[in-house]
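An overview of the molecular structure
Residue strings, one per chain:
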Amino acid sequence: MRRRAADFRRPPRRRWPNVVWWTLCGILVLLFIVILSKDSQIESRPSMSKRYYQRDKIMEGLNITDEMLSPNSVTRQISDQISLAKAFVVIAKESNNLQFAWELSAQIRNSQVLLSNAATRRTTLTVKESEISIRDMALLLFQAQQLHYDSATMIMRLKARIQALEEQMGSVNEKSSKYGQIAAEEIPKSLYCLGVRLTTEWFKRPNLQKLDEGRKMDAKLTDSNLFHFCVFSDNILATSVVVNSTSVNSKNPDKVVFHLVTDEINYAPMKAWFNMNDFRGVTVDVQKFEDFSWLNASYVPVLKQLQDSETQSYYFSGSNDGSKTPIKFRNPKYLSMLNHLRFYIPEVFPALNKLVFLDDDVVVQKDLSGLFSIDLNGNVNGAVETCMETFHRYHKYLNYSHPLIRENFDPDACGWAFGMNVFDLVEWRRRNVTGIYHYWQENNVDRTLWKLGTLPPGLLTFYGLTEPLDPSWHVLGLGYTNVNPQLIEKGAVLHYNGNSKPWLKIGMEKYKPLWEKYVDYTHPLLQQCNFH
């Protein structure tokens, strides 16, 4: 066989080394691994989001409202059983069937655990998992019916229980009111001590009596250009706070004149206290109502009523109506002349034309001179209205079943407050306001027009004669309720109306500092009498 020429021969085939082949294989394997890892990451993300999506769908699908409204809901059936079982527990206890009450309570707890577990996993209860619980509860409820724990019996027993609780609550409230009233009427030992010690000082120190005689001739007492205030009280310390707080907050204390009226017992100690202490130049005059010659039974209906045996029995014994009348209506202070002198201010101060009346349970924290420049528009009484709530309208205080009340007064007329009042005494005398007061007092001798205090006759007496004042002049409620702090801050006169007076232990602690800041507890007499 002839061989090809050399130029025409095919070149010899090259062989790749083994190292190269192994290198290529390794690269291919690495690429394959990388591709697989990326694919796994891509696949894992959708699976996680899928799980979150499924959970959200479950949560969205578990609509509690729909579940409870569904007639086929196991959850609803168990909830209804629990409610009924709780009522039967009460009846079982009332029937002294404690063993059955315990069994019901135990089954209630089991059912509540089922509901709690379902709520935790956010899935609805199935018939299979709740069948035993429903059956056991149904057996107990059937047993309750066999024991005559039916709805009619349950309602009757619950009504009886409610009635018993209401009677018990009424008894407790009556006792609370009685004891609260007694606490409010008591004279603290410290106040009694102060009166005794001041009486001793008055008779032991003739210079105090001479000083008092000199003040009786003071022209300021009848000067109409000055700011005249009056307080009718037998409480020395409370009156002192009224005077002191007024003087401290007055821009011109030397123009302030206080007219104090008390009774025979407290006359000497009251004079001693106000002669021993200086109140920034404020003029203070003390009188006793026993010195008023016009104050007699023939002129004053209240004094005439006091002579009536039936009235005395009503207020002082409370035994003529089976104790149907609340104790607060029987408080004898409502027949005290110190309480009724507010209707005789023109007679008490015949030389004055305008005057501001203050109760002894107030504290003053603003200058009050602006009260004397208020135009009363021909009215007699300037007062802050209290009809922000419906229970402070006339129908709250008066008996509208009586024709005299019904025919003369609007039941929705706005009530107002005694405690800080501006009185135009010239207009008072011209309109014979005291005569109007006498008329209503004489028509209420049988207590059919009103029962309580001096405010109702005041509402009748000054009906159509009262000018509303800005509410910031007189803030009430510090002796019985919570008062808006902003109102207290803006208030010119703060009134501790109610039983919780600031000088008593039952006083509201958070409001006591507003009053106590005007008491000098370092005074020797106060320290001797353990005021603190």
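Below is a summary of the structure that appears in this document. Treat the numbers as computed from the prediction; the structure is a model and nothing was measured.

When you tally the buried positions in strand β7 (residues 420–424), you get 4 out of 5 residues, the bulk of the element. In the sheet, strand β4 (residues 354–358) pairs with β7 via 5 bridges, with the strands oriented antiparallel. Following the sheet pairing, L355 is matched in β7 by F423. Where strand β6 (residues 381–383) lies against β7, 2 bridges are found, and the strand directions are antiparallel. Across the sheet, G382 pairs through a bridge with V422, a residue of β7.

Turning next to the pairing of strand β3 (residues 283–288). Buried residues dominate β3, accounting for 5 of its 6 residues. Direction of pairing for strand β2 (residues 256–262) relative to β3: parallel, over a ladder of 6 bridges. Looking at the pairing, T262 lines up with K288 of β3. A crossover links β2 with its parallel partner β3, the connecting element being helix α10 (residues 264–276), and its sense is right-handed.

On to the pattern of salt bridges. Taken as a whole and assessed by the stated rule, the structure comprises 11 salt bridges. Between K501 and D361 there is a salt bridge whose closest N-O contact spans 2.5 Å. Highlighted residues: K501 in the loop between β10 (493–495) and α21 (512–516) and D361 in the loop between β4 and β5 (362–364), separated in sequence by 140 residues. Judged by relative accessible area, D361 falls into the buried class, the value being 6%.

The next subject is the packing of helix α4 (residues 98–121) against helix α5 (residues 127–146). Contact pair α4 / α5: the axes reach a minimum separation of 10 Å and the direction vectors enclose 150°. It follows from the interaxial angle that α4 and α5 lie roughly antiparallel. α5 is crossed by α4, and the crossing has left-handed handedness. Where α4 abuts α5, its residues F100, E103, L104, Q107, I108, S111, L114 and R121 lie against E129, S130, S133, D136, M137, L140, Q143 and A144.

The next thing to look at is unusual backbone geometry. Here the phi dihedral of N377 falls at roughly 55°; this positive angle occurs in a residue that is not glycine. Within the secondary structure layout, N377 lies in the loop between β5 and β6. In the Ramachandran plot, N432 falls in the positive-phi region, its phi being about 50° despite a non-glycine side chain. Structurally, N432 can be placed in the loop between α17 (425–431) and α18 (433–443). The class for N432 is partly exposed, based on a relative accessible area of 48%.

Per the counting criterion, the structure on display carries 2 disulfides. Residue C193 pairs covalently with C529 via a disulfide, S to S 2.1 Å. Its S-S torsion of approximately -75° makes the covalent link between C193 and C529 left-handed. You can see C193 sitting in helix α7 (residues 189–204) and its partner C529 sitting in the segment after α22 (524–528), a full 336 residues away along the chain.

A cluster of nonpolar residues, I187, Y192 and V196, forms a patch on the protein surface that exposes about 350 Å² of accessible area. The residue V196 is located in helix α7 in this model.

Remark on secondary structure: sheet strands pair via backbone hydrogen bonds, oriented parallel or antiparallel. Pairing is mixed in the open sheet, where 7 strands are placed in the order β3-β2-β1-β4-β7-β6-β8. Taken across any chain shown, the strands that pair with only one partner, and hence form the sheet edges, are β3 and β8 (466–468). Averaged over neighbouring strand pairs, the angle between their axes works out to 25° when direction is ignored. As paired elements, β6 and β8 share 3 bridges and run parallel to each other. Residue pairing for β8: N381 is matched across the bridge by T466. Against the sheet, helix α9 (residues 236–248) contacts β1 (227–232), β2, β3 and β4, and its axis sits at roughly 175° relative to β2. Seen against the sheet, α10 touches β2 and β3 and runs at an angle of roughly 165° to β3.

Right, let's talk about the environment of W440 for a bit. Mapped onto the secondary structure, W440 falls in helix α18. Looking at W440, the relative accessible area reads 6%, which means it is buried. The contact partners of W440, leaving out residues within four places of it in the chain, are L404, N408, F409, L449, W450 and L460.

In a soluble, globular protein the nonpolar side chains are often hidden away together inside. Of all hydrophobic cores here, the largest spans 60 residues; its most connected members are L194, F229, F258, L358 and L371. Residue contacts for F229: discarding those within four places in its chain leaves T246, V256, V257, F258, H259, V356, L358, L368 and F372. Formed by 43 residues, the second largest nonpolar core is a distinct cluster that contains F418, L425, V433 and W440.

So, on to the layout of surface pockets. By volume, the second largest pocket amounts to about 480 Å³. Lining the second largest pocket are 20 residues; nearest its centre among them are P188, S190, W503, K505 and N530. Those elements that provide at least two residues to the lining of the second largest pocket are α7 and α21. Of the residues forming the lining of the second largest pocket, the biggest block, 4 residues, is contributed by α7. Tallied by class, residues from the lining of the second largest pocket come to 11 nonpolar, 4 polar and 5 charged.

This part is about the side chain of K288. Mapped onto the elements of the fold, K288 is located in strand β3. Overall, K288 belongs to the buried group, its relative accessible area being 13%. Within the local environment of K288, its side chain forms a polar contact with the side chain of E264, the two groups lying 3.0 Å apart. Setting aside anything within four residues of it in sequence, one finds K288 in contact with V261, T262, D263, E264 and Y267.

Cut-off values and rules
Residues numbered from 1 in each chain as written. Predicted model: local features only at pLDDT ≥ 70, side-chain atom pairs only at ≥ 80, totals over all residues. Heavy atoms only, no water. Buried < 20%, exposed > 50% of the residue type's maximum accessible area, 1.4 Å probe, protein only. Helix = DSSP H or I, 4+ residues; strand = E, 2+ residues; numbered from the N terminus. Pairing = 2+ DSSP bridges. Right-handed = clockwise from strand over helix to strand, strands pointing away. Salt bridge = Lys/Arg side-chain N within 4 Å of Asp/Glu carboxyl O. Axes fitted to C-alpha atoms, helices over the stretch in contact; angles between N-to-C directions. Parallel < 35°, antiparallel > 145°, perpendicular 65-115°, else oblique. Left-handed = near helix turned anticlockwise from the far one by under 90°. Contact = heavy atoms within 4.5 Å. Disulfide = S-S within 2.5 Å. Patch = residues over 30% accessible without salt bridge, like charges linked within 9 Å, V, L, I, M, F, W, Y side chains within 5 Å. Areas by Shrake-Rupley, 256 points an atom, 1.4 Å probe, with all protein chains shown as cover. Core = buried A, V, L, I, M, F, W, Y, C linked by side-chain atoms within 4.5 Å. 1 Å grid on protein atoms, 1.4 Å probe; cavity = no way out; pocket = protein on both sides within 12 Å on 5 of 7 lines; lining within 4 Å. Points joined across faces, edges and corners; volume = space filled by probe spheres on them. Nonpolar A, V, L, I, M, F, W, Y, C, P; charged D, E, K, R; others polar. Polar contact = N/O pair within 3.5 Å; in protein donor to acceptor, adjacent residues only side chain to side chain.

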